[in-house]
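Here's the letter readout for the chains.
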Amino acid sequence: GCAINDLADRKFDPEVERTRTRPLASGRLKPIEALAVFIVLSLLAFALVLQLNRLTIVLSLVGFALAAVYPFVKRVSHFPQVVLGMAFGWGSVMAWSSVRSEVSIVALLIFLGNIFWSTAYDTIYALMDKEDDLKIGVKSTAIFFGDNVFKALAALYFLMCAALGAAGIIEGLGLVYLAGLSVCLALFLGVVGMVK
């Protein structure tokens, strides 16, 4: 995912303060080398997934598609952070299916929680790039949320905890789990306050 992201963004990254020293953006790595890294890592990952059940193998194709599509979303939508969350969170669905040979509501709630979490933290990254992104025409949730970005971050962290809380309740994880989740929420909201 990182290899294809840097390959797709090799023309944008030199224009963004945070990313201009990446290997492709700085010219230390050639596009063909990055493509080779992407192909080799994808094949290695697929070789690992082939050792799992059929459902997980099929689900891995969705994961591959999400990782490959993610870098291009910022060109057409303000929600690349959501697609990133889907790409990263899909691993939780695959992990669940590899152990239980099914996809249950709990796995989908964990996936949903991961989408909210990834969208929040990547929006914080996007805040660092906002001025550069506006100049080069890249879209992000940081731009979309505008002046309401900190309210949106708090809401995303609440939604993450709600999804993970529901998953924990369904699985019967009890008060210790919910208390830990509450501590996590407080810490995440503290991060929002610090970024603000």
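Coordinates for the structure precede this section.
Residues numbered from 1 in each chain as written. Predicted model: local features only at pLDDT ≥ 70, side-chain atom pairs only at ≥ 80, totals over all residues. Heavy atoms only, no water.

**Focus on the overall build of the chain**
Scanning the chain from terminus to terminus reveals nine helices and zero strands. Helices and strands appear in the chain in the N-to-C order α-α-α-α-α-α-α-α-α. Computed over its C-alpha atoms, the radius of gyration of the chain comes to 18 Å, within 12% of the 16 Å expected for a compact globule of 196 residues. For the chain, the C-alpha atoms occupy an extent of roughly 50 × 45 × 25 Å along the three principal directions. (Helix = DSSP H or I, 4+ residues; strand = E, 2+ residues; numbered from the N terminus. Rg over C-alpha atoms; globule rule 2.2 N^0.38 Å.)

**Quick look at a nonpolar patch on the surface**
A cluster of nonpolar side chains, namely Leu55, Val103, Ile105, Leu108 and Ile170, defines an oily patch on the protein surface of about 400 Å² accessible area. The topology assignment puts Leu108 in helix H6 (residues 105–136). Leu108 gets classed as partly exposed once you look at its relative accessible area, which sits at 39%. (Patch = residues over 30% accessible without salt bridge, like charges linked within 9 Å, V, L, I, M, F, W, Y side chains within 5 Å. Areas by Shrake-Rupley, 256 points an atom, 1.4 Å probe, with all protein chains shown as cover. Salt bridge = Lys/Arg side-chain N within 4 Å of Asp/Glu carboxyl O. Buried < 20%, exposed > 50% of the residue type's maximum accessible area, 1.4 Å probe, protein only.)

**Brief notes about the nonpolar core**
Most often, soluble globular proteins keep nonpolar side chains buried together rather than apart. Judged by nonpolar contacts, Phe116, Ala120, Ile124, Leu153, Leu156, Tyr157, Met160, Cys161, Leu164, Leu181, Leu185 and Val192 together constitute the single largest core of 12 residues. Where this core is concerned, the elements lending two or more residues are H6, helix H8 (149–171) and helix H9 (174–195). Among the elements that make up this core, the one with the highest residue count is H8 (six residues). Excluding residues that lie within four positions of it along the chain, Met160 makes contacts with Gly113, Phe116, Trp117 and Phe188. (Core = buried A, V, L, I, M, F, W, Y, C linked by side-chain atoms within 4.5 Å. Contact = heavy atoms within 4.5 Å.)

**Focus on the state of the cysteines**
Scanning all chains against the criterion turns up zero disulfides. Residue Cys184 stays outside any disulfide, its sulfur separated by 6.6 Å from that of Cys161, the closest cysteine. (Disulfide = S-S within 2.5 Å.)

**A few points about the packing of aromatic side chains**
In this structure the tally under the stated criterion is six aromatic pairs. Plain terms: the ring middles of Tyr157 and Phe188 are 4.5 Å apart, the flat faces sit at 5° to each other, and that makes the pair stacked. One end of the pair, Tyr157, is in helix H8; the other, Phe188, is in helix H9, and 31 residues separate them in sequence. We classify Tyr157 as buried; its relative accessible area is 2%. (Phe/Tyr/Trp six-rings, centres within 6.5 Å; stacked < 30°, edge-to-face > 60°.)

**Here's the deal with the side chain of Asp13**
With respect to the secondary-structure elements, Asp13 resides in the loop between helix H1 (2–8) and helix H2 (23–26). Among residues more than four places away in sequence, those in contact with Asp13 are Asp6, Thr19, Arg20, Arg22 and Ala25.

**As for helix H3 (residues 31–49)**
Between its first and last C-alpha atoms H3 spans 27 Å; for 19 residues at 1.5 Å apiece the expected length is 27 Å, and the two agree. Every buried residue of H3 is accounted for by Ala34, Phe38 and Val49. Each buried residue of H3 lies within a common arc of 45° when the element is viewed along its axis, so the set occupies one face. Opposite the packed face of H3, turned more than 90 degrees from it, sit the exposed residues Ile32, Leu43 and Leu44. Tucked inside the fold, the buried residues of H3 contact H1, H2, helix H4 (54–73) and helix H5 (80–100). (Expected span 1.5 Å × (residues − 1). Arc of directions from axis to C-beta.)

**Regarding the pattern of salt bridges**
The full count for this structure, using the stated rule, is seven salt bridges. Salt-bridge contacts for Lys74 lead to Asp9; the nearest nitrogen and oxygen are separated by 2.6 Å. With Lys74 in the loop between H4 and H5 and Asp9 in the loop between H1 and H2, this residue pair connects regions lying 65 residues apart in the sequence. Each member of the pair, Lys74 together with Asp9, is buried. Each member of the salt-bridge network shares a partner with another, and the members are Asp6, Asp13 and Arg22.

That's the geometry; what it means functionally is another story.
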